[in-house]
Amino acid sequence: MSTTALHQLALVAADLVAISVLTFGVYFPRHHRRDLVTSFLGVNVGVLAVAMTLSSTSVGIGLGMGLFGVLSIIRLRSYEIAQHEIAYYFSALAIGLLNGLPHSVSVLTGCLTLLIVAALYFGDHPRLYPRHRQRSLRLDSAHTDEDALRAHLEVLLGGRVVNLSVKGIDLVNDTTQVEVRYVVSDGMRASKDADLPLEQGVRA
């Protein structure tokens, strides 16, 4: 077996280890969304295979970056993916490209791959700002006074509201749609979400 083939096998192995750690060691234990496990693995391995094929041509890097952009645009059109999941998705793409484009194993490629995994591990760690929450609520009353709305939300959510954005007020049906960011108090860290009535329309 040639040296080039050995280098490519090493890059494939590094990619599979990195995406496995990111998906099965970081993402799934924290978010438990099975469909995105398939997506991350499929996109990563697919990009790796295409990037390795294209890297043998003179236009390989350009086409690889084009592929990165096209896949990102297509997937991000989905309303089902959250902001933190976008970060995992881009990371899966980036790891595939990092290990698919080089012709040989290098310290830089290994360090950059490790950096991506580490960034997601620490950036999405549950101990990072553990008391901060974000919710979208549909309240069963129309609130036109922002101060009164803020006070009502702080009582409802059991925390200090740091930012709120009213998305809509329906005076006919007496409802308010609001996006709120808040910090839960020490006594409420077990989360008050389970106590909210269904008509509040709470979602993360």
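Residues numbered from 1 in each chain as written. Predicted model: local features only at pLDDT ≥ 70, side-chain atom pairs only at ≥ 80, totals over all residues. Heavy atoms only, no water.

1. Examining the overall build of the protein
Phase 1 of the analysis: In terms of regular secondary structure, the protein is built from six helices and three strands.
Phase 2 of the analysis: Secondary structure elements of the protein occur, N-terminal to C-terminal, as α-α-α-α-α-β-α-β-β.
Phase 3 of the analysis: Across the 204 residues of the protein, 34% fall into the buried class.
Phase 4 of the analysis: Counting only contacts in the protein whose residues sit at least 6 apart along the sequence, the fraction spanning at least 24 positions is 65%. (Helix = DSSP H or I, 4+ residues; strand = E, 2+ residues; numbered from the N terminus. Buried < 20%, exposed > 50% of the residue type's maximum accessible area, 1.4 Å probe, protein only. Contact = heavy atoms within 4.5 Å.)

2. Considerations on helix α4 (residues 83-100)
Phase 1 of the analysis: Along its 18 residues, α4 runs 26 Å from first to last C-alpha, staying within 8% of the 26 Å computed at 1.5 Å per residue.
Phase 2 of the analysis: Residues Glu85, Ile86, Tyr88, Tyr89, Ser91, Ala92, Leu93, Ile95, Gly96, Leu97, Asn99 and Gly100 constitute the buried set of α4. (Expected span 1.5 Å × (residues − 1).)

3. Digging into the confidence of the model for the protein
Detailed conclusions should not be drawn from predicted coordinates in areas where pLDDT is low.
Phase 1 of the analysis: For the protein, per-residue confidence averages 82 on the pLDDT scale, and 78% of positions sit at 70 or higher.
Phase 2 of the analysis: Below pLDDT 50 for its whole length, residues 190-204 participates in 28 contacts with residues either more than four positions away or in separate chains. (pLDDT = per-residue confidence, 0-100.)

4. Overview of the pattern of salt bridges
Side chains that carry opposite charge are capable of pairing whenever their charged atoms lie near each other.
Phase 1 of the analysis: Overall, the coordinates contain three salt bridges when judged by the stated rule.
Phase 2 of the analysis: Glu85 is paired through a salt bridge with Arg33; the nearest N and O atoms lie 3.1 Å apart. Highlighted residues: Glu85 in helix α4 and Arg33 in the loop between α1 (3-31) and α2 (34-54), separated in sequence by 52 residues. Like Arg33, Glu85 is buried.
Phase 3 of the analysis: Here Arg150 makes a salt bridge to Glu146, at a shortest N to O gap of 3.8 Å. Of the two residues, Arg150 and Glu146 both sit in helix α6 (residues 146-157), four residues apart, roughly one turn of that helix.
Phase 4 of the analysis: Look at the salt bridges and you will find they share partners, linking Arg33, Asp35 and Glu85 into a network. (Salt bridge = Lys/Arg side-chain N within 4 Å of Asp/Glu carboxyl O.)

5. Observations regarding the packing of α4 against helix α5 (residues 107-123)
Phase 1 of the analysis: The contact between α4 and α5 brings their axes to 10 Å, and the two run at 170 degrees. The angle between α4 and α5 falls in the class roughly antiparallel. Along the contact surface, α4 presents Ala87, Tyr88, Ser91, Ala94, Ile95, Leu98 and Asn99, while α5 presents Thr109, Leu112, Thr113, Ile116, Val117 and Leu120.
Phase 2 of the analysis: Considered class by class, the residues forming the contact of α4 with α5 number nine nonpolar, four polar and no charged. (Axes fitted to C-alpha atoms, helices over the stretch in contact; angles between N-to-C directions. Parallel < 35°, antiparallel > 145°, perpendicular 65-115°, else oblique. Nonpolar A, V, L, I, M, F, W, Y, C, P; charged D, E, K, R; others polar.)

6. Details of the packing of aromatic side chains
Phase 1 of the analysis: Tallied over the entire structure, the rule returns four aromatic pairs.
Phase 2 of the analysis: Clustering of aromatic rings is evident, with ring pairs tying together Tyr27, Phe40 and Tyr88.
Phase 3 of the analysis: For Arg30, the ring lying beneath its charged end belongs to Tyr121, and the centroid distance is 4.9 Å. (Phe/Tyr/Trp six-rings, centres within 6.5 Å; stacked < 30°, edge-to-face > 60°. Lys NZ or Arg CZ within 6 Å of the ring centre and 35° of its normal.)

7. Considering α6
Phase 1 of the analysis: Taking 1.5 Å per residue as the helical rise, α6 with its twelve residues ought to reach 16 Å, and the 16 Å between its terminal C-alpha atoms agrees with that figure.
Phase 2 of the analysis: Taken together, the buried residues of α6 touch β1 (132-139), β2 (159-170) and β3 (175-184).
Phase 3 of the analysis: Here α6 starts with a cap whose side-chain oxygen sits 2.9 Å from the backbone nitrogen of Asp147, and that cap is Asp145.
Phase 4 of the analysis: Two residues or fewer past α6, Gly158 is found with a positive phi of approximately 70 degrees. (Polar contact = N/O pair within 3.5 Å; in protein donor to acceptor, adjacent residues only side chain to side chain.)

8. A closer look at the sheet that holds β1
Phase 1 of the analysis: If you trace the three strands from one edge of the open sheet to the other, you get β1-β3-β2, paired in antiparallel fashion. Each end of this open sheet is capped by a strand with a single partner; those strands are β1 and β2. Averaged over all neighbouring strand pairs, the angle between strand axes comes to 15 degrees, with direction disregarded.
Phase 2 of the analysis: Bridge count between β1 and β3: eight bridges; the pairing is antiparallel. Note that in β3 the partner of Arg135 across the bridge is Val180.
Phase 3 of the analysis: On top of the sheet, α6 reaches β1, β2 and β3; it is set at about 120 degrees to β2, its chief contact. (Pairing = 2+ DSSP bridges.)

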